[in-house]
Amino acid sequence: MNIHLKEAFSRMKPVCDMVMINPSPDYITEFESLVSELKIDVLQELHQYMLFPFITHLQSKEIENKYEMQRVLVHGMKVVIQRVKITSYEMCLKIEVAFMNLIFDKTKKGMVANVPEELKLSVMECLTALMINLEPSVRLKLLQTQVPLLAQTVFLSVHLAKLEKLRTLRLAAIDSVNAHIACHRTLTDKMGRITDPAIEKAVVHMTSSILPGVLASLQDVATCTDNPGHAVIVAALDAICRILCLTMNDKFFRTNKDITPEDFMNLLKDKEEGDDEATRDRKLKTATKLSREWYTMAGEKLKTVIKSVVLLVTHEHHRVRKELAVLCHRVLVDCSETMLSSLPLCVEVLICLTNDPYMEVSEYCSKAVQDHFSRNPGVEAMESLRDNFILAINNLPRVLNNIDTSRKLNALDSVLGYARVLAASEVRAGCGGRSVDVRLGGVAGGRALPYDRLRPAALALVAAAALDVPPQLLARRTACEAAEAVACAGGERGTPWRSLLNVDPGLPEERLRAVCGALGSLSAAALLFDVLLDELRAGATEPILLINWIATGPDTDESLARRLVCEYTAEEVWACPLEDPTPAPPPDTYDVTVYDPHAWTKDSVPGLYEGATETRYTGISYLHPRRPQSRASAAAARRGVLRRCLMAEGLELAARRLGPAYRPHLLRTLTLVLEAVGSKFEFVSMAGAHALANIAVALGHASVGALIAENADYCTNQIATRLKKAWSISSALEMLSVVIQYSDVAILEYLHGIVDDVLVQSCDRYYQQDLYSFLLVFHTFVARLRQWFPEETKPEDPEQIHILNDLNEYIQNQREAEKLMAAEEMEDAGKSAEEMYREDELRREEEMLDYDDNVEPEAAPLPQHARAVVYVAERCVQFAASGDSGCAALALRVLSEAFPLLASHEDALLPLAHAAWVPLAAAARADPPVLRAALQLLRVLARLCGDFIRSRTVKDILPSLHSFLRKSSSDSYLQDAGAAYRLSRAYALQLAVLEDVPALVMHLQLDEDTMEETMSCVRLYLSRKQPRPLQELAVRCFKKFLEYNYGAAWQHLRRLCNNQSSLEPPTVSDESDIQLVTVYGTPYETADTDFDSNIRLIFDIK
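Keep in mind that this is a model prediction, so the values were computed, not measured.

We now examine the overall build of the chain. Assigned secondary structure in the chain consists of 46 helices and two strands. Out of the 1102 residues in the chain, the part that is buried amounts to 50%. The long-range share in the chain, meaning contacts at least 24 apart out of those at least 6 apart in sequence, stands at 75%. Total accessible area on the chain is roughly 53,700 Å²; 53% of this is exposed by carbon and sulfur atoms.

Next up, the structure:
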């Protein structure tokens, strides 16, 4: 014994003796500190002596149920075992048995004793350290002679991992399983293989006896729903991977190439016995271990384990998905023969995870898939992949029809992965690679996929992409502002008209789109396109969405995008029933009952000069009454709107896919898209606006206006041609409104003739059903004219109110008038009556001779755009009296836009204002939408010609407004922010009236009596129990009233406050003759708490 060993022994002996006598925590702590100071070689020599007291105590009955002392002893042993190599087989057995006795109880559930978790954790950690630090010879002997003990320890560890709740204990138990089976990460290489062949063989023989049970328990651990975090799942998957790939490795799968008669006998015997679960279990128990039959049956048995763990492909943590991918890859690499029935599951998991959002997982899986098919390039493997791909597509509708988003994503990822692998295989085959080209629709190396299998797959895609058809699709727009706002946005946007029933918006919808894009890159894309097109022509809507995404994918051939354009622009496809499915009459016919251009009687039409002859292409004879048109059902109309939106979106996607190559298709699609933008249906207009904006970008135009300007001649020609056909008048009007909307003043010369033609058409009784479309065109036209010819505005200087200055000025003027009257009386006092009579006669003669002989110059003719505005206004004055409230309101809005353009042409403005007064006065007593439009027009007229309409406004309109304000004030009383009343038309009309009243009062220069009545109506909304927006508008009204007539508004508020507060007069200079007195009663505060806060806001009093 050398000197260092003697010294260490002399230091250790007293401590070991004290531990042997009294294993207190203090002595064990001293023991641990001394062990940490010793060198490893010294510790290796003395470890059996040092462990002897601990083993003795653990085997003793004296410390039974003393769990804390047991834990301290185990921890002290672990300090030694972690730093030494166990070279004694007997000591290893003693330690193993002693530890097992602490936590083993065969009467309990899982054979786990009811001891503290801390003790279990220490035992698991110490057992793991013991198994890791065994000498190879000891390990080999232990594996060969103590299989029952090791199996019992493994099962106990597995049940601890399965039943316990403490996370660290479960992880330690799984480590213990790996250590006892010799597949711990410290005992294997990077690929999880045991380097010593003898130990590997012994481990395989041991695990072959316990493999199904151990893996089933680890499967339960991995798939348990109560796992805290992800570490336990990752550890369980890692253990499954190591044990499975170690035991079921292909190198132990002995194959017999020579076929003997016994093989035929066994085959017949297996056929007679059947293939149920009980038979397979019996065969597995009776089969020779590690034989071909044993591996075959074990592979079938372990398929259930793989089926269970592959469900973790949807786990939220990326490390779990990565570990699952490692397991599947190892099975494909190491167990491709023994686990043959599980290979499709593993391949599907790897293919699915190639689209994982985490780059680490997706890259690993992509390499694994590529490696698998490079090692198995045969026809059978690729055909199996193709069949699984078709199966995954057929299962999509069933999987998507549930509420589990992660499961939906998994199914979509699987289909996407399959499609990409097949596409890559086709690319490699086309480049001369070694992969076999098994095309979905072709025959390049394998069996061709028959049409009867591709068609069900296409129908499954249609079912998976089922679309919602809500009633909101029939919502109509009231003007062109919405389309303009959307089109100006450009770029990426939402698609509110497209709502998938079974696919959630966001990532699942993007994944379905990626699936369709990947399908478009396959060789069978054209055949799939044809199948979907057949369904489209049969009346289905969902194929349109799929065709859009398939034909415009990033890797799709451009020919599919061109086919999409050609198919959508076909009349029988684009013309879907929105409201009127009645077929149009033939364009050329000589039947006078159908078409008789001479049946029209000339009427007074704006713009026709005397003696002109107007040719009318109405397409309908007045000799027979018009046939009543059948209207589509609500469901069919919604479907039609959705189809039109999706086809407009398809044209947009095709333009973005083709880029400048889309130009040959522009003339075919431009009119259709313009018609969609001008549609009365809001969603169709929105989809068309998006399509138009993206087509302009795809063709290199800076804006939609530039696109229309470049094709202005074509657009105007199409509009003029359609205006001459009765069955296309509606589409012509829709196109015209859009062309006007997006054009600049340069197109005005083209538009004058077309607008005149529209005015002529609007006179025809036949077109009364299209009245709203006519009015939309007029509204768009005058709105754009206001932008092209803006009205000149004069800056208004705010008047400063100085009451004393005004009073002084009034007194001075009064005095001057009195002086003048007194002077005239003095002059007339010295004259006789005859002299005064002669002066009057002389003055009368001079006035008669004083006349202006200057001839007033003839007024300049109206500009061309002003004349067009006059014609439009004259027509809209007639339409304003329409019985249709929507048409009447729109006609009034057109007049509101048109009159400002005539502000500098009073001779044209005043007659139109006079003509518009009758329908305007009638609209003041109509429904809220019409009344709002009438208010807008009244405000415009008050600003432009206030004196002209003052008296008739006071007489005809203001009483109706006053009555409405009084009546509705009780309706809006106590209607808080969540009340349904705030969504009503009456509330919106209240806001409009209160907003317009100040402008009407100021522009019409109302007198104090009329103003007093108006203020008495507005004051009702100063109550704090009215809705807050109405209160704010009422405060704003009174502020404007004070600016207009301070005295009248001040006195009204003074009467409203009705207080006895005194208002002292200001100091006046001594030179002034004004005598001011104290005023009792002020307008600044009131005892009524309902009005006090808003009264203070009027005068900005805090």
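Attention now goes to the packing of aromatic side chains. To describe a pair of aromatic rings, one takes the distance between the centres and the angle between the planes. Throughout the structure, instances matching the rule amount to seven aromatic pairs. Ring geometry for Trp294 against Tyr295: centres 5.1 Å apart, planes inclined by 85°, an arrangement best described as edge-to-face. Under the relative-accessibility criterion, Trp294 is labelled buried at 4%. With a centroid separation of 6.0 Å and 70° between ring planes, the pair formed by Tyr981 and Tyr987 is classed as edge-to-face. Comparing Tyr981 with Tyr987 shows no difference in burial state: the two are buried. Between the NZ or CZ atom of Lys141 and the centre of the ring of Tyr89, over which it lies, the distance is 4.3 Å. Of note, Arg952 hangs over the ring of Phe948, and the distance from its end group to the ring centre comes to 5.0 Å.

Applying the stated criterion to the full structure yields zero disulfides. Cysteine Cys365 is unpaired, with the sulfur of Cys328 as its nearest cysteine sulfur at 8.2 Å. Cys365 gets classed as buried once you look at its relative accessible area, which sits at 0%.

Here the focus is unusual backbone geometry. Unusually for a residue other than glycine, Gln1005 sits at a positive phi of about 55°. The residue Gln1005 is located in the loop between helix H42 (985-1004) and helix H43 (1008-1018) in this model. Residue classification places Gln1005 among the partly exposed positions, given a relative accessible area of 45%.

Of the residues in the chain, 81% reach a pLDDT of 70 or more, and the chain-wide mean stands at 80. The least confident element of the chain is helix H21 (residues 481-489), whose mean pLDDT is 44; the most confident is helix H24 (residues 542-551), at 93. Residue range residues 480-492 is modelled with pLDDT below 50. Its contacts to residues more than four positions away, or to other chains, number 17 contacts. Scored below 50 in pLDDT, residues 580-630 shows 65 contacts in the model against residues more than four places distant or in partner chains.

Turning next to the packing of H24 against helix H25 (residues 558-568). In the contact formed by H24 and H25, the axes pass within 8 Å of each other and the chain directions differ by 150°. Where H24 crosses over H25, the two elements pack in a sense that is left-handed. Here Ile544, Ile547, Asn548 and Ala551 of H24 come into contact with H25, specifically with Leu560, Ala561, Leu564 and Tyr568. Classifying every residue of the contact of H24 with H25 gives seven nonpolar, one polar and no charged.

With that settled, the discussion passes to a nonpolar patch on the surface. Side chains of Met18, Met20, Ile21 and Phe52 sit close together on the surface and give an oily, nonpolar patch of about 390 Å² of accessible area. No other element matches helix H1 (residues 3-21), which puts three residues into the nonpolar patch. Summarising the element assignment, Phe52 is placed in helix H3 (residues 40-59).

Listed in full, the buried residues belonging to helix H7 (residues 136-145) are Val138, Arg139, Leu142 and Leu143. Take H7 and look down its axis: the buried residues cluster within an arc of 130°, on one side only. Counted as exposed and oriented over 90 degrees from the buried face of H7: Ser137 and Gln144.

What follows concerns the environment of Ala693. Positionally, Ala693 belongs in helix H29 (residues 682-698). It is 8.5 Å that separates the C-alpha atoms of Ala693 and Glu652, two residues lying 41 residues apart in sequence.

Along the chain, Thr107 falls in the loop between helix H5 (89-103) and helix H6 (117-132). When its relative accessible area of 63% is taken as the criterion, Thr107 is described as exposed. At 2.7 Å, the side chain of Thr107 and the side chain of Asp105 are in polar contact.

Over its 14 residues, helix H32 (residues 729-742) runs 20 Å from end to end, which matches the ideal 20 Å to within 8%, given 1.5 Å per residue. The element H32 is largely enclosed, with a buried count of 13 among its 14 residues.

Under the counting rule described, the total for this entry stands at 36 salt bridges. Of the charged contacts in the structure, one is a salt bridge between Asp371 and Arg375, with a shortest N-O distance of 3.0 Å. Of this pair, Asp371 and Arg375 are both found in helix H17 (residues 359-375), four residues apart, which corresponds to roughly one turn of the helix. Judged by relative accessible area, Arg375 falls into the partly exposed class, the value being 37%. The closest approach of N and O atoms between Lys408 and Asp504, which form a salt bridge, is 3.8 Å. Residue Lys408 is located in helix H19 (residues 405-430), and its partner Asp504 is located in the loop between H21 and helix H22 (507-520); the two are separated by 96 residues in the primary sequence. Asp504 gets classed as partly exposed once you look at its relative accessible area, which sits at 26%.

Moving on to the side chain of Asn249. Mapping Asn249 onto the fold places it in the loop between helix H11 (231-247) and helix H12 (261-273). Overall, the relative accessible area of 10% leaves Asn249 in the buried class. Every residue in contact with Asn249, bar those within four places of it in the chain, is listed here: Leu244, Asp334, Cys335 and Thr338.

We now examine the packing of helix H4 (residues 67-81) against H5. Where H4 meets H5, the closest approach of the two axes is 12 Å, and the angle between their N-to-C directions is 150°. Considered as vectors, H4 and H5 are oriented roughly antiparallel to each other. As for how H4 packs across H5, the hand of that crossing is left-handed. Each of Gln70, Val74, Met77 and Ile81 in H4 lies in contact with H5, whose residues at this interface are Ile95, Phe99 and Leu102. A class-by-class count of the residues in the contact of H4 with H5 yields six nonpolar, one polar and no charged.

Along the chain, Phe1099 falls in the segment after helix H46 (1089-1098). Sequence separation between Phe1099 and Tyr1084 is 15 residues, and the spatial gap between their C-alpha atoms is 7.1 Å.

Moving on to the side chain of Ser414. Within the fold, Ser414 resides in helix H19. Excluding residues that lie within four positions of it along the chain, Ser414 makes contacts with Glu348, Ile351 and Cys352.

Calculation rules
Starting from 1, residues in each chain are numbered consecutively following that chain's sequence as written. Under the rules for a predicted model, residues below a pLDDT of 70 receive no local features and side-chain atom pairs below 80 are neither given nor counted, while totals for whole chains, interfaces and linings still include all residues. Side-chain numbers come from the whole structure's heavy atoms, not from hydrogens or water. Secondary structure counts use DSSP, requiring at least four H or I residues in a row for a helix and at least two E residues in a row for a strand, with both numbered from the N terminus. The buried label goes to any residue with under 20% of its type's maximum accessible area, the exposed label to any with over 50%, and the partly exposed label to all in between, with areas taken from a 1.4 Å probe on protein chains only. In this analysis, two residues are considered to be in contact whenever any of their non-hydrogen atoms come within 4.5 Å of each other. What sets the accessible areas is the Shrake-Rupley method with a 1.4 Å probe; for residues, cover comes only from the shown protein chains. What counts as a ring pair is set by centres within 6.5 Å for rings of Phe, Tyr and Trp (its six-membered ring), and what kind of pair is set by the plane angle: stacked under 30 degrees, edge-to-face over 60, tilted for all other angles. Either the NZ atom of lysine or the CZ atom of arginine qualifies as a charge over a ring when it sits within 6 Å of the ring centre and within 35 degrees of the ring normal. In this description, the term disulfide denotes a pair of cysteine sulfurs within 2.5 Å. A score between 0 and 100, pLDDT records how confident the predictor is in each residue. Orientation is described by lines fitted to C-alpha atoms, with helices fitted over the stretch in contact, and by angles between N-to-C directions that extend from 0 to 180 degrees. Put simply, a crossing is left-handed when the front helix is turned counterclockwise from the back one by less than a right angle, and right-handed when it is turned clockwise. Polarity classes work like this: nonpolar for Ala, Val, Leu, Ile, Met, Phe, Trp, Tyr, Cys and Pro, charged for Asp, Glu, Lys and Arg, and polar for all others, with Gly in that last group. Two joining distances apply to patches: 9 Å for like charges and 5 Å for nonpolar side chains (Val, Leu, Ile, Met, Phe, Trp, Tyr), and every residue must have over 30% relative accessible area and no salt bridge. Whenever Lys or Arg places a side-chain nitrogen within 4 Å of a carboxyl oxygen from Asp or Glu, that contact is recorded as a salt bridge. Arc definition: it is the arc formed by the directions from the helix axis to the C-beta atoms. In protein, a polar contact means a hydrogen-donor-capable atom and an acceptor-capable atom, both N or O and within 3.5 Å, with residues adjacent in sequence counting only if both atoms are side-chain atoms; elsewhere, any N or O pair within 3.5 Å suffices. Expected helix span is taken as 1.5 Å per residue step, with the number of steps being one fewer than the number of residues. When describing relative orientation, an angle under 35 degrees is termed roughly parallel and one over 145 degrees roughly antiparallel, while 65 to 115 degrees is termed roughly perpendicular and anything else oblique.

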